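Spelled out from the first residue to the last, the chains are:
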Amino acid sequence: LNYLDTSPLSGNFYYFIVAQDIHHNKSPVNVVTRPNITVNLTMFIEGFYDTNTDSQISDTVKAYLRNSTSPYTKADSATAIVNSNGSTILYFTNAPTGNYYIELTHRNSIETWSANSITMTTGSPLYYDFTNSPTQAYGSNEIQVDNSPNNVFALYSGDVNQDGTIDAGDLSQVENDAANSLSGYFPSDVTGDDFVDAGDLSIVENNSALGVNAVTP
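Reading the values: rules and limits
Residues numbered from 1 in each chain as written. Predicted model: local features only at pLDDT ≥ 70, side-chain atom pairs only at ≥ 80, totals over all residues. Heavy atoms only, no water. Pairing = 2+ DSSP bridges. Helix = DSSP H or I, 4+ residues; strand = E, 2+ residues; numbered from the N terminus. Polar contact = N/O pair within 3.5 Å; in protein donor to acceptor, adjacent residues only side chain to side chain. Contact = heavy atoms within 4.5 Å. Phe/Tyr/Trp six-rings, centres within 6.5 Å; stacked < 30°, edge-to-face > 60°. Lys NZ or Arg CZ within 6 Å of the ring centre and 35° of its normal. Expected span 1.5 Å × (residues − 1). Axes fitted to C-alpha atoms, helices over the stretch in contact; angles between N-to-C directions. Parallel < 35°, antiparallel > 145°, perpendicular 65-115°, else oblique. Nonpolar A, V, L, I, M, F, W, Y, C, P; charged D, E, K, R; others polar. Buried < 20%, exposed > 50% of the residue type's maximum accessible area, 1.4 Å probe, protein only.

Asks: So what exactly am I meant to see when it comes to the pairing of strand 7 (residues 74-82) here?
Replies: Along any regular strand the residues' side chains alternate between the sheet's two faces. Pairing of strand 6 (residues 59-67) with strand 7 involves eight bridges; the strand directions are antiparallel. Following the sheet pairing, Val61 is matched in strand 7 by Ala80. The antiparallel hairpin formed by strand 6 and strand 7 contains six residues in its connecting segment, where Tyr72 sits at a positive phi of about 55°.

Asks: Explanation requested: the side chain of Asp146 in the structure shown.
Replies: Assignment of secondary structure puts Asp146 in strand 13 (residues 143-146). A distance of 2.8 Å separates a polar atom in the side chain of Asp146 from a polar atom in the side chain of Tyr49. Setting aside anything within four residues of it in sequence, one finds Asp146 in contact with Tyr49, Thr51, Asp54, Asn151 and Val152.

Asks: What is the right way to read the packing of aromatic side chains from this model?
Replies: Aromatic rings in a pair are described by how distant their centres are and how their planes are angled relative to each other. Evaluation of the coordinates by the stated rule reveals six aromatic pairs. Just above the ring of Tyr64 sits the side chain of Lys74; from NZ or CZ to the centre is 4.0 Å. Across from the ring centre of Tyr185, 3.7 Å away, lies the NZ or CZ of Arg107, which sits over that ring.

Asks: What am I meant to see in helix 1 (residues 168-179) here?
Replies: One full turn of an α-helix is made of 3.6 residues, so residues set three or four places apart face in the same direction. If you check helix 1, its first and last C-alpha atoms are 16 Å apart, about what 12 residues at 1.5 Å a residue would give, namely 16 Å. Of the surrounding elements, those touching the buried residues of helix 1 are helix 2 (198-209). N-cap assignment for helix 1: the residue whose side-chain oxygen lies 3.1 Å from the backbone N of Gly169 is Asp167. Note on helix 1: the residue one or two positions beyond its end, Ser181, has a positive phi of about 50°.

Asks: Help me out: how do you make sense of the packing of helix 1 against helix 2 in this one?
Replies: Between two packed helices, both the angle of their axes relative to each other and the distance between the axes serve to describe the pair. The geometry of helix 1 relative to helix 2 is characterised by a closest axis approach of 10 Å and an angle of 170° between their N-to-C directions. Our classification of the angle between helix 1 and helix 2 gives roughly antiparallel. Between helix 1 and helix 2, the contacting residues are Ala168, Asp170, Leu171, Val174 and Glu175 on the first element and Asp200, Leu201, Val204, Glu205 and Ser208 on the second. Classifying every residue of the contact of helix 1 with helix 2 gives five nonpolar, one polar and four charged.

Asks: Sorry if this is basic, but what is going on with unusual backbone geometry here?
Replies: Note: most peptide bonds trans; most residues except glycine with negative phi. With an omega of 15°, the peptide bond between Ser70 and Pro71 qualifies as cis. Considering the arrangement of structural elements, one finds Pro71 in the loop between strand 6 and strand 7. Of the consecutive residues Ser148 and Pro149, the connecting peptide bond is found in the cis state with omega at 0°. Structurally, the position occupied by Pro149 is in the loop between strand 13 and strand 14 (152-154). Even without being glycine, Asp54 reaches a positive phi, approximately 55°. Counting through the fold element by element, Asp54 comes out in the loop between strand 4 (49-50) and strand 5 (55-56). With phi around 55°, Gln162 is a residue other than glycine that occupies positive phi space. What makes Gln162 partly exposed here is its relative accessible area of 39%.

Note that every value here comes from positions in space, so none of it alone points to a role or purpose.
So, in structure tokens, the structure goes:
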């Protein structure tokens, strides 16, 4: 039995296949998910990474698939939790098979793209690791956060206002929130410990002095 959905819904959804007998009794036969582009991703966030445990505080990230040619428009997006070991799975349910850049965003990190566009196929999982070399990011735009037992690279932290650069605007926001002893889930909490304090300010100051900004095609 073949069935073609000629008007599929957007987003991620499932088909529940049910059998019905002559007495109208129904029994589930199978569940089929809509085909998607699946990216098994590994990434770390500078301020959230702990060299003592070789792990990070988990947080929400949002990724985009960008078309491979100018103007590199967004083809799809996915939101997921990145685990303490840096792993996450992204499901892109709208983009067709094609060549795309991966753009990573996080509440207080610099927007970071994959080094090159990647061939992605619906129904065929892809693996991409941003952590084993800075050259995995476009323009090698990552920071080394560990060197034992392995070299580990992460997204730069400190773009609190998400304008693509770490500068005085971010410093001002973190300074104000630290002075007010702000606690909770806020962009100015660059270390992910739910407190805005000198630790957050130190990271932003360092990356501002380095002139860190987004590097994109």
